[in-house]
Amino acid sequence: MKILCVCGLGQGTSLILRMNVETVLNELGVTADVEHMDVSSASSMQADYIITNSELAKSLGDHDATIILVENYFDQEEIKTALEKHLSQ
Amino acid sequence: MKFLERDLVDLNVDADSPEHAIRAAGQLLADADAVSPAYINAMIQSYRKNGPYFVLAPHLAIPHARPEDGVKEAAISMIRLEKPVVFGHSAHDPVRLVFALGASTSDEHLMLLKRLMQLLSRKEHIDMLLKVQSYQDMLPILGGK
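All figures in this text were calculated on a predicted structure; none of them were measured in a lab.

What follows covers the overall build of chain B. The secondary structure content of chain B amounts to 5 helices and 5 strands. Order of helices (α) and strands (β) in chain B, N terminus to C terminus: β-β-α-α-β-β-β-α-α-α. Taking 145 residues into account, the globule formula puts the C-alpha radius of gyration at 15 Å, and chain B, at 14 Å, falls close to it. With the C-alpha coordinates of chain B rotated into their principal frame, the extents come out at 35 × 35 × 25 Å. Counting the 145 residues in chain B, one finds 57% classified as buried. Look at the contacts in chain B between residues 6 or more apart in sequence, and 70% of them connect residues 24 or more apart. Surface accessibility of chain B: about 6,300 Å² in total, with carbon and sulfur atoms responsible for 49%.

Structure (structure tokens):
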């Protein structure tokens, strides 16, 4: 399973998100290949899931991956709830 | 690596727009010689181009640009806005705290972000940052290395 954590530049924000996502995946006992990058790189990258916020999701509208929205990148509870909901489907 | 050192924190900034707020937070990084003045402009350009996605949590904005835009040393500054500023984010407006991130490509960048996450992942820390009267009062929550 491949997960992309996406922000506008792929430098700071997406890395923060990735660190929190990896923590949550660990807690959930899920193994995944997690990468962070900017929104334009992500649009041409194959993945199973893309985690981003609603501001940036608009630019990823035609991507094959399932888009998971997270609004507060620091809120591990929100990330956990979002991941649980999508990964169990 | 510079993480919210004394000269990188200003608790009383009066800004009337997102660009003004980003510039004020970026100027602290430039004054500390952690970034070039061009980096401040790059942060503002990123805001214009990509929108306010870097308003990552309620009241918190973390503007940044790319390492090659002029970062000399991995660093984070913070300003607290006297009057909250609307950045145009659908969920987290208005912004009260702005953390300018000088993003480098080094391991220090990762360490810096980890410390920022430790600071901001607890709501009581954010409440404290919104209330403290002096830099001294922040020290207990800034954490060690």
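Quick look at the sheet that holds strand 4 (residues 66–69) of chain A now. Residue and element names in this part refer to chain A. In spatial order, the strands read 2-1-3-4; together these 4 strands make up an open sheet with parallel pairing. With partners counted over all chains shown, the strands left at the sheet margins are strand 2 (33–38) and strand 4, one partner each. Taken over all neighbouring pairs, the strand axes of this sheet differ in orientation by 25° on average, direction set aside. Strand direction decides the pairing type here: strand 1 (residues 2–7) and strand 3 (residues 49–52), joined by 3 bridges, are parallel. Of the residues in strand 3, the one forming a bridge with L4 is I50.

Time to look at the packing of aromatic side chains. Residue and element names in this part refer to chain B. All told, the structure shown has 4 aromatic pairs over all chains when counted by the stated rule. With 6.0 Å between their ring centres and 65° between their planes, Y47 and F87 make a pair best called edge-to-face. Of this pair, Y47 sits in helix 2 (residues 37–50) while F87 is found in the loop between strand 4 (75–85) and strand 5 (95–102), placing the two residues 40 residues apart along the sequence. Of the two residues, Y47 and F87, neither departs from the other in class, the shared state being buried. Pairing F54 with F87 gives two aromatic rings, centres 6.1 Å apart and planes at 80°, and the pair type is edge-to-face. Taken together, the positions of F54 in the loop between helix 2 and strand 3 (60–61) and F87 in the loop between strand 4 and strand 5 put the pair 33 residues apart, joining distant regions of the chain. Among the aromatic side chains, those forming a connected cluster through ring pairs are Y47, Y53, F54 and F87.

The next subject is helix 4 (residues 76–87) of chain A. Residue and element names in this part refer to chain A. With 12 residues, helix 4 ought to run about 16 Å at 1.5 Å a step, and its terminal C-alpha atoms sit 16 Å apart, in line with that. Within the span of helix 4, buried status applies to I79, A82, L83 and H86. In an axial view of helix 4, the angular spread of the buried residues amounts to 95°, which keeps them on one side of the axis. Of the residues in helix 4, the exposed ones pointing more than 90 degrees away from the buried face are E77, T81 and K85. Taken together, the buried residues of helix 4 touch helix 1 (13–28), strand 3 and strand 4. Its side-chain oxygen 3.0 Å from the backbone nitrogen of E77, D75 forms the N-cap of helix 4.

With that settled, the discussion passes to the interface of chain B and chain A. Listed as interface residues are 26 residues of chain B and, on the opposing side, 18 residues of chain A. Carbon and sulfur atoms make up 67% of the area that chain B and chain A hide from each other, which totals about 2,000 Å². Of all residues in chain B, the largest losses of buried area upon contact with chain A belong to Y53, L56 and M117 of chain B, amounting jointly to 34% of the total for that side. Inspection of the chain B/chain A interface yields 0 salt bridges. At the boundary of chain B and chain A, one finds 5 residue pairs in polar contact (both at pLDDT 80 or more). Mapped onto the side of chain B that touches chain A, the elements with two or more residues apiece are helix 2 and helix 3 (107–120) of chain B. Broken down by element, the side of chain B that touches chain A gets its largest block of residues, 7 residues, from helix 3 of chain B. Of the residues that constitute the side of chain B that touches chain A, the class distribution is 15 nonpolar, 9 polar and 2 charged.

How each quantity is defined
- Residues numbered from 1 in each chain as written.
- Chains lettered and ligands numbered in written order.
- Predicted model: local features only at pLDDT ≥ 70, side-chain atom pairs only at ≥ 80, totals over all residues.
- Heavy atoms only, no water.
- Helix = DSSP H or I, 4+ residues; strand = E, 2+ residues; numbered from the N terminus.
- Rg over C-alpha atoms; globule rule 2.2 N^0.38 Å.
- Buried < 20%, exposed > 50% of the residue type's maximum accessible area, 1.4 Å probe, protein only.
- Contact = heavy atoms within 4.5 Å.
- Areas by Shrake-Rupley, 256 points an atom, 1.4 Å probe, with all protein chains shown as cover.
- Pairing = 2+ DSSP bridges.
- Axes fitted to C-alpha atoms, helices over the stretch in contact; angles between N-to-C directions.
- Phe/Tyr/Trp six-rings, centres within 6.5 Å; stacked < 30°, edge-to-face > 60°.
- Expected span 1.5 Å × (residues − 1).
- Arc of directions from axis to C-beta.
- Polar contact = N/O pair within 3.5 Å; in protein donor to acceptor, adjacent residues only side chain to side chain.
- Buried area = accessible area lost by both parts, 1.4 Å probe.
- Salt bridge = Lys/Arg side-chain N within 4 Å of Asp/Glu carboxyl O.
- Nonpolar A, V, L, I, M, F, W, Y, C, P; charged D, E, K, R; others polar.

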